[in-house]
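Topology and contacts: notes
So you can see what is in the structure, the chains are spelled out below.
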Amino acid sequence: MARAPEHDAIRDQLWARIAALDVRAPYAPPADLADDVEAIRRIVHGLGLTPAVTVTHFIDRALMRDGDAGPVHGWLTMLTDAIASERQDLETANRFADACSMRLAG
């Protein structure tokens, strides 16, 4: 099943937002990053990108736990992958959750 062109345009906008966030991450306070992640979460939730919603929850948890921006690049890469995933079902979301749990624990 092909995706609608407007859906692809929204994904492109999300990736641009994530790239901009990645550039700012080393210099931004965690609260600012969390606000941006929340904005992305609302968008991906509305699009039904379940794996990406899952990853945003883990990014929030990592930001709260670390107390600083920490190594956000890896998290944003995972979010980019979740948005790009051809599968947007619960099983795929669970696989991303498993990967995020391992990253959070490590």
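Let me begin by describing the structure that accompanies this report. This structure is a prediction, so every number in the text was calculated from the model and none was measured.

Attention now moves to the nonpolar core. Side chains of a nonpolar character, in soluble globular proteins, are inclined to be buried together. One finds Val44, Val55, Ile59, Leu79 and Ile83 to be the most contacted residues of the largest nonpolar core, which totals 28 residues. Among the secondary structure elements, those contributing two or more residues to this core are α1 (5–24), α2 (30–47), α3 (50–66), α4 (72–84) and α5 (90–105). Excluding residues within four positions of it along the chain, leucine 79 makes contact with Ile18, Ile40, Ala52, Val55, Thr56 and Ile59.

Taking 1.5 Å of rise per residue, 18 residues should cover 26 Å, and α2 covers 25 Å from first to last C-alpha, within 8% of that figure. Every buried residue belonging to α2 is among Leu33, Val37, Ala39, Ile40, Arg41 and Val44, and all of these are buried. Positive backbone phi, approximately 75°, marks glycine 48, located one or two places after α2.

Conventions adopted
- Residues numbered from 1 in each chain as written.
- Predicted model: local features only at pLDDT ≥ 70, side-chain atom pairs only at ≥ 80, totals over all residues.
- Heavy atoms only, no water.
- Core = buried A, V, L, I, M, F, W, Y, C linked by side-chain atoms within 4.5 Å.
- Buried < 20%, exposed > 50% of the residue type's maximum accessible area, 1.4 Å probe, protein only.
- Helix = DSSP H or I, 4+ residues; strand = E, 2+ residues; numbered from the N terminus.
- Contact = heavy atoms within 4.5 Å.
- Expected span 1.5 Å × (residues − 1).

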